[in-house]
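Inside the fold
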Amino acid sequence: MIKRYWNINLEEMMKAGVHFGHGTRKWNPRMAPYISAKRKGIHITNLTRTARFLSEACDLVFDAASKRKQFLIVGTKNKAADSVARAAIRARCHYVNKKWLGGILTNWSTTETRLQKFRDLRMEQKTGRLDRLPKGDGTRLKRQLAHLQTYLGGIKYMTGLPDIVILVEQQEEYTALRECITLGIPTICLIDTNCDPDLADISIPANDDAIASIRLILNKLVFAICEGRSSYIRNS
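Residues numbered from 1 in each chain as written. Predicted model: local features only at pLDDT ≥ 70, side-chain atom pairs only at ≥ 80, totals over all residues. Heavy atoms only, no water.

Going by what an unreviewed UniProt entry lists, the chain is known as Small ribosomal subunit protein uS2c and is assigned to Euphorbia lathyris. Looking at the chain in UniProt, the text filed under Sequence similarities (unreviewed entry) is "Belongs to the universal ribosomal protein uS2 family." Here is the UniProt Subcellular location (unreviewed entry) comment for the chain, exactly as written: "Plastid, Chloroplast". (UniProt positions renumbered as here; feature names shortened; annotations may be inferred.)

On to the packing of helix 3 (residues 78-90) against helix 8 (residues 211-235). Direction vectors running N to C along helix 3 and helix 8 enclose 10°, while the axes themselves pass 10 Å from each other. By the angle between their directions, the pair helix 3 and helix 8 is classed as roughly parallel. Along this stretch, helix 3 crosses helix 8, giving a crossing that reads as right-handed. Seen from helix 3, the contacting residues are Lys79, Ala80, Ser83, Val84, Arg86, Ala87 and Arg90; seen from helix 8, they are Ile211, Ile214, Arg215, Leu218, Asn219, Val222, Phe223 and Cys226. Among the residues forming the contact of helix 3 with helix 8, the class breakdown is nine nonpolar, two polar and four charged. (Axes fitted to C-alpha atoms, helices over the stretch in contact; angles between N-to-C directions. Helix = DSSP H or I, 4+ residues; strand = E, 2+ residues; numbered from the N terminus. Parallel < 35°, antiparallel > 145°, perpendicular 65-115°, else oblique. Left-handed = near helix turned anticlockwise from the far one by under 90°. Contact = heavy atoms within 4.5 Å. Nonpolar A, V, L, I, M, F, W, Y, C, P; charged D, E, K, R; others polar.)

By the burial criterion, the buried members of helix 3 are Ala80, Ala81, Ser83, Val84, Ala85, Ala87 and Ala88. Two residues or fewer past helix 3, Arg92 is found with a positive phi of approximately 55°. (Buried < 20%, exposed > 50% of the residue type's maximum accessible area, 1.4 Å probe, protein only.)

In this section: the domain arrangement of the chain. Assigned domains of the chain: these are domain 1 (21-105 + 163-235) and domain 2 (108-153). Here the C-alpha centroids of domain 1 and domain 2 sit 31 Å apart. With six residues of domain 1 at the contact, the number on the domain 2 side is six residues. Of the roughly 630 Å² buried at the junction of domain 1 and domain 2 (both faces included), carbon and sulfur atoms supply 60%. The largest share of the area that domain 1 buries against domain 2 comes from Lys98, Leu101 and Ile104, three residues that together contribute 60% of it. Here domain 1 is connected to domain 2 by zero salt bridges. Summed over the shared surface of domain 1 and domain 2, the result is two residue pairs in polar contact (both at pLDDT 80 or more). Per-class residue counts for the side of domain 1 that touches domain 2 are three nonpolar, one polar and two charged. (Domains from an automatic or database assignment. Buried area = accessible area lost by both parts, 1.4 Å probe. Salt bridge = Lys/Arg side-chain N within 4 Å of Asp/Glu carboxyl O. Polar contact = N/O pair within 3.5 Å; in protein donor to acceptor, adjacent residues only side chain to side chain.)

Here it is, written out as structure tokens:
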């Protein structure tokens, strides 16, 4: 994998609050190598290491995108949901930004069935068929469609398991992470000072509570994905 320059600026990360960790009482000792200091009762993440792992992650997604690999971005915290959706849409990635329904990946055959039902209901709504049904049936199916849109809307075009999964928060997305580990799907994960850095393939030490921090990390990864897709187009 060729090393590239991704313009990862330490000052920019500091302004976004990427370096702020959790309180010193709420931490995982395995994160010690990624912590540079304690300040006013909180741990401070070593941004040099953040930059290093973010750069490695950008290299990975660039190479994958240049080979037409598929990505899934997962971030279900309320404060991360909008940033996840915007980043995924910009880079033409699949995404889950509401509750992770257990088994989305490990029970893929069931997920495929749900997605087909979702597509069928969307088509029936577009053609007006739902409005022509008896009121009770129409209301029930519209409620089912709204539920599927909320939880599966970001993966409605996914036709198989993703090649790489990007997780915005380890503890919140632990079920998704375990599914990836079970299936051997490579993962990139933001890890705060209360996380385990050994679970994901590439762990990026960063503040997973601040919107600015999440957005900055996602923007770097999405830029690399877009550059990789452009590279494929240029070389095809």
